[in-house]
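# Remarks on the overall topology
In case you want the letters, here they are:
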Amino acid sequence: MKANQKVLLQRIRATVALHRPLDTHLTEEKSRGRRERRLCQLYLPPEGMGAKWSGVQRVVHVNRSGCRPRSGDYPESHYYITGHAFRKASKVAQGIRKHWGIENKVHYVKDIHFNEDGNGIRNNNAAAVLSLVQDMAINIYRCKGFSPMKKATIFFANKIKELFKFLTAKHISDL
């Protein structure tokens, strides 16, 4: 849920504040010098949401908090709606984590490394082609074993023959 659906977001926040969750799942982990706590809660949707939202089966509230070494403590609340009548918050939490894995591995790279949001392209076809080329570049970089995209860009910048060899190989094992 984003703030562009103000009325729906207000109703969902009220539901979370006033009702008990159907199920709750808590995870805590420490990774890369930071600790994080995630509380995922499932709720029934608010009554009378209207025809536009008639398929909503569950409201999900994820409260994340933790401590990052450089920036300190942080609290975050995220709200989701789903058309599936989940019974276990653990399943929803797992799906959200997988989604964020995609977000971090693809969309974040495209936003930060390729400046996708600031590229100035407004034509839908051109944007789709550029997105496809960026996806191919990310896949090539990862197949070559690069994790930081900046290092991969520097590596391939002056190695057109190697890039062409990579693109024309029938199998990755041929490289």
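For the structure given in this document, a descriptive report is provided here.

How each quantity is defined
- All chains use their own residue numbering, which begins from 1 and follows the written sequence.
- Local features in a predicted model are, by the rule used here, given only for residues with pLDDT of at least 70; side-chain atom pairs are given and counted only at 80 or more, and totals for whole chains, interfaces and linings are based on all residues.
- Think of the side-chain values as coming from all heavy atoms in the structure, minus any hydrogens and water.
- For the purposes of this entry, the term helix denotes a DSSP run of H or I that reaches at least four residues, the term strand denotes a run of E that reaches at least two, and both are numbered from the N terminus.
- When we talk radius of gyration, it's over C-alpha atoms, and the globule rule is simply 2.2 Å times the number of residues to the 0.38.
- Type-normalised accessible area, obtained with a 1.4 Å probe on protein chains alone, sets the label of each residue: buried when under 20%, exposed when over 50%, and partly exposed for intermediate values.
- We call two residues contacting when some pair of their heavy atoms lies within 4.5 Å.
- For the accessible areas, the method is Shrake-Rupley and the probe is 1.4 Å, while residue cover comes only from the protein chains on display.
- Here the positive residues are Lys and Arg and the negative ones are Asp and Glu; neither His nor the chain ends is included.
- For charged residues, the charge sits on one atom: NZ in Lys, CZ in Arg, CG in Asp, CD in Glu.
- In this scheme, strands are said to pair when DSSP sees at least two bridges between them.
- To get an axis, a line is fitted to the C-alpha atoms, and for a helix only the part in contact is used. The angle between two axes follows their N-to-C directions and goes from 0 to 180 degrees.
- Angle categories: roughly parallel below 35 degrees, roughly antiparallel above 145, roughly perpendicular from 65 to 115, and oblique for all the rest.
- When residues are grouped by polarity, Ala, Val, Leu, Ile, Met, Phe, Trp, Tyr, Cys and Pro land in nonpolar, Asp, Glu, Lys and Arg in charged, and all others, Gly among them, in polar.
- Here is the rule: rings of Phe, Tyr and Trp (six-membered ring for Trp) pair when centre to centre is within 6.5 Å. Planes less than 30 degrees apart are stacked, more than 60 are edge-to-face, and the remainder are tilted.
- This arc describes the spread of directions from the helix axis toward the C-beta atoms.
- Whenever a carboxyl oxygen of Asp or Glu lies within 4 Å of a side-chain nitrogen of Lys or Arg, that contact is scored as a salt bridge.
- Residue types Ala, Val, Leu, Ile, Met, Phe, Trp, Tyr and Cys, when buried and joined through side-chain atoms within 4.5 Å, form a set referred to as a nonpolar core.

## Thoughts on the overall build of the protein
Within the protein, the regular secondary structure consists of 5 helices and 4 strands. Each helix (α) and strand (β) of the protein, taken in turn from the N terminus, gives the series α-β-β-β-β-α-α-α-α. Relative to the 2.2 N^0.38 estimate, which gives 16 Å for 175 residues, the radius of gyration of the protein is 21 Å and therefore markedly larger than a compact globule would have. For the protein, with 175 residues in total, the buried portion stands at 24%. The contacts in the protein between residues at least 6 apart in sequence include a share of 46% that link residues at least 24 apart. Summed over all atoms, the accessible surface of the protein reaches about 12,500 Å², with 54% contributed by carbon and sulfur. Within the protein, the 14 negative side-chain charges are centred at a point lying 1 Å from the centre of the 32 positive side-chain charges.

## As for the sheet that holds strand S1 (residues 23-31)
Spatially, S1-S2-S3-S4 is the arrangement adopted by the 4 strands of the open sheet, whose pairing is antiparallel. The open sheet is flanked by S1 and strand S4 (72-82), the only strands paired with a single partner. Put simply, the sheet's adjacent strands are angled 15° from each other on average, direction ignored. Relative to strand S3 (residues 58-68), strand S2 (residues 34-43) runs antiparallel, the two being bridged by 9 bridges. Bridge assignment links Tyr43 to a residue of S3, and that residue is Val59. On the sheet, helix H1 (residues 6-18) packs against S2, S3 and S4 and is oriented at approximately 110° with respect to S4.

## A few points about the packing of helix H3 (residues 124-143) against helix H4 (residues 149-157)
Interhelical geometry of H3 versus H4 gives an angle of 90° and a closest axis separation of 10 Å. On the basis of their axis angle, the class for H3 and H4 is roughly perpendicular. Contact residues: H3 offers Ile138, Ile140, Tyr141 and Arg142, while H4 offers Met149, Ala152, Thr153 and Phe156. Considered class by class, the residues forming the contact of H3 with H4 number 6 nonpolar, 1 polar and 1 charged.

## A few points about the packing of aromatic side chains
A full pass over the atoms with the stated rule returns 1 aromatic pair. Their ring planes at 50° and their centres at 5.1 Å tell us that Phe146 and Phe155 sit as a pair that is tilted. Judged by relative accessible area, which is 25%, Phe155 ranks as partly exposed.

## What to know about H4
Within H4 the residues assigned to the buried category are Met149, Ala152 and Phe156. Projected down its long axis, H4 carries its buried residues within an arc of 55°, all on one side. Turned more than 90 degrees away from the buried face of H4, the exposed residues are Lys150, Lys151 and Ile154.

## Section: the pattern of salt bridges
Evaluation of the coordinates by the stated rule reveals 7 salt bridges. Here Asp73 makes a salt bridge to Arg35, at a shortest N to O gap of 3.9 Å. Of the two residues, Asp73 sits in strand S4 while Arg35 sits in strand S2, which places them 38 residues apart along the sequence. By sharing partners, the salt bridges in this structure join Glu29, Glu36, Arg38, Arg64, Glu76 and Arg97 into a single network.

## What to know about the pairing of S2
Burial analysis of S2 places 7 of its 10 residues in the buried class, which makes it a mostly covered element. In this sheet, S2 lies alongside S1 in antiparallel orientation, the contact comprising 9 bridges. Its bridge partner lying in S2, His25 is registered against Cys40. Linking S1 back to S2 in an antiparallel pair, the connection comprises 2 residues, with Arg32 at a positive phi of about 50°.

## What to know about the nonpolar core
Most often, soluble globular proteins keep nonpolar side chains buried together rather than apart. Counting residues in each nonpolar core, the largest one holds 10 residues, listed as Val109, Ala137, Ile138, Ile140, Tyr141, Phe146, Met149, Ala152, Phe156 and Phe166. When neighbours within four sequence positions are excluded, Tyr141 is seen to be in contact with Phe114, Phe146, Met149, Ala152, Thr153 and Phe156. Of all hydrophobic cores here, the second largest spans 9 residues; its members include Leu8, Met49, Val59 and Tyr79.

Keep in mind these numbers describe shape, not what the thing actually does.
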